[in-house]
Amino acid sequence: MEPIAAEACPPSLCESSDLILSFVNTRDVDSGPPGPPGNRAGLAEWLARVGRPDRDLVVTNADTVAADELRSTFVTIFRAHAGCADSDTSVSEAEAYLHRIAERYPLTAKISSDGCTLVPAQTGVPGAFGALFAAAADLAGRGGWSRLKVCKNPTCHTGFFDKTRNSSGLYCSTACGSQMSMRAYRSRRKNG
Ligand SMILES: [Zn+2]
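Residues numbered from 1 in each chain as written. Predicted model: local features only at pLDDT ≥ 70, side-chain atom pairs only at ≥ 80, totals over all residues. Heavy atoms only, no water.

Caption draft 1: View of the overall build of the protein. Assigned secondary structure in the protein consists of six helices and four strands. In the protein, the succession of helices and strands from N to C terminus is α-α-α-α-β-β-α-β-β-α. Scored against the burial criterion, the 192 residues of the protein give a buried share of 41%. Contacts spanning at least 24 positions in sequence make up 57% of the contacts within the protein whose residues lie at least 6 apart. (Helix = DSSP H or I, 4+ residues; strand = E, 2+ residues; numbered from the N terminus. Buried < 20%, exposed > 50% of the residue type's maximum accessible area, 1.4 Å probe, protein only. Contact = heavy atoms within 4.5 Å.)

Caption draft 2: Focus on the side chain of Asn 153. As for its position among the elements, Asn 153 is in the loop between strand E3 (148-150) and strand E4 (159-161). The buried category is assigned to Asn 153, whose relative accessible area is 1%. In this structure the side chain of Asn 153 is engaged in a polar contact, spanning 3.5 Å, whose partner is the side chain of Gln 179. (Polar contact = N/O pair within 3.5 Å; in protein donor to acceptor, adjacent residues only side chain to side chain.)

Caption draft 3: Focus on the packing of aromatic side chains. Throughout the structure, instances matching the rule amount to eight aromatic pairs. With a centroid separation of 5.7 Å and an interplanar angle of 5°, the aromatic rings of Phe 74 and Phe 78 are classed as stacked. Residue Phe 74 and its partner Phe 78 are located together in helix H3 (residues 61-81), separated by four residues, close to a single helical turn. An identical accessibility class is assigned to Phe 74 and Phe 78; each is buried. (Phe/Tyr/Trp six-rings, centres within 6.5 Å; stacked < 30°, edge-to-face > 60°.)

Caption draft 4: Seen up close, the coordination of the zinc ion. For the zinc ion, the full set of protein donor atoms is Cys 151 (SG), Cys 156 (SG), Cys 172 (SG) and Cys 176 (SG), at a range of 2.3 to 2.4 Å. Read N to C, the donor residues that coordinate the zinc ion are spaced as C-x4-C-x15-C-x3-C. Of this pair, Cys 156 sits in the loop between E3 and E4 while Cys 176 sits in helix H6 (residues 174-191); the two residues are 20 residues apart in sequence, bridging distant segments of the chain. Just as Cys 156 is buried, Cys 176 falls in that class too. (Donors = N, O, S within 2.8 Å, 3.2 Å for Na, K, Ca; no water.)

Caption draft 5: Representation of H6 within the structure. The first and last C-alpha atoms of H6 sit 25 Å apart over 18 residues, in line with the 26 Å expected at 1.5 Å per residue. Taken residue by residue, H6 has Cys 176, Gly 177 and Met 180 as its buried positions. Relative to the axis of H6, the buried residues are bounded by an arc of 105° and lie together on one face. Across from the buried face of H6, at angles greater than 90 degrees, the exposed residues are Thr 174, Ala 175, Arg 186, Arg 189 and Lys 190. (Expected span 1.5 Å × (residues − 1). Arc of directions from axis to C-beta.)

Caption draft 6: Inspection of unusual backbone geometry at higher detail. The phi torsion at His 157 lies on the positive side, around 65°, for a residue other than glycine. One can find His 157 in the loop between E3 and E4. Looking at His 157, the relative accessible area reads 33%, which means it is partly exposed. At Ser 167, a position not held by glycine, the phi torsion is positive, near 60°. Here Ser 167 is to be found in the loop between E4 and H6. With a relative accessible area of 25%, Ser 167 lands in the partly exposed category.

Caption draft 7: View of the nonpolar core. Within the largest apolar cluster, 34 residues are counted, with the highest numbers of intra-cluster contacts made by Ile 20 and Phe 129. Those elements that provide at least two residues to this core are helix H1 (11-24), helix H2 (40-49), H3, helix H4 (88-101), helix H5 (124-141) and E3. Ranked by the residues each element gives to this core, the list is headed by H5, at nine residues. (Core = buried A, V, L, I, M, F, W, Y, C linked by side-chain atoms within 4.5 Å.)

Caption draft 8: Main features of the side chain of Thr 76. Relative to the helices and strands, Thr 76 is located in helix H3. Looking at Thr 76, the relative accessible area reads 15%, which means it is buried. Not counting residues within four places of it along the chain, the set of residues in contact with Thr 76 comprises Ser 90, Val 91 and Ala 94.

Below you can see the structure in the form of structure tokens.
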């Protein structure tokens, strides 16, 4: 698989990763750590942000539960991508969950002379969740799926797209990276 250079993030690849990250990084409050959409307003706000403000969009409690489950499933997988899986079981449970619920969000192939993209077969909230599956398929097809990670800084938890040449990034930002190496340095001095 061709590596993705830091400077070359094809627009559609960015679009797919941005969509998933905007969902994973939904925050309850501006300054707090990323949290599940958690409430109807939070989910509606995400839906509006990703350009799915259907006029008669009704966000139900079941939708917010589904959003929370889907989000924590993605987080489990992206933690594993960063090499900090909680356990093999949690990853296989996350995979089984995604296999199971994918049926709820069918995709259709949209073929043009330029190529083919998968698009959600539904509108509204199921369509928005379907768009996440389509984005995952797009990323996986082009070697970008395993680059979606959750920051290894235990106080951060931000999802990010790893643009390093060899896919070795562990932190969402240089700030988190230096915070963690400073912490490792201090603990080495303390123990050394
Ligand atoms: Zn971070």
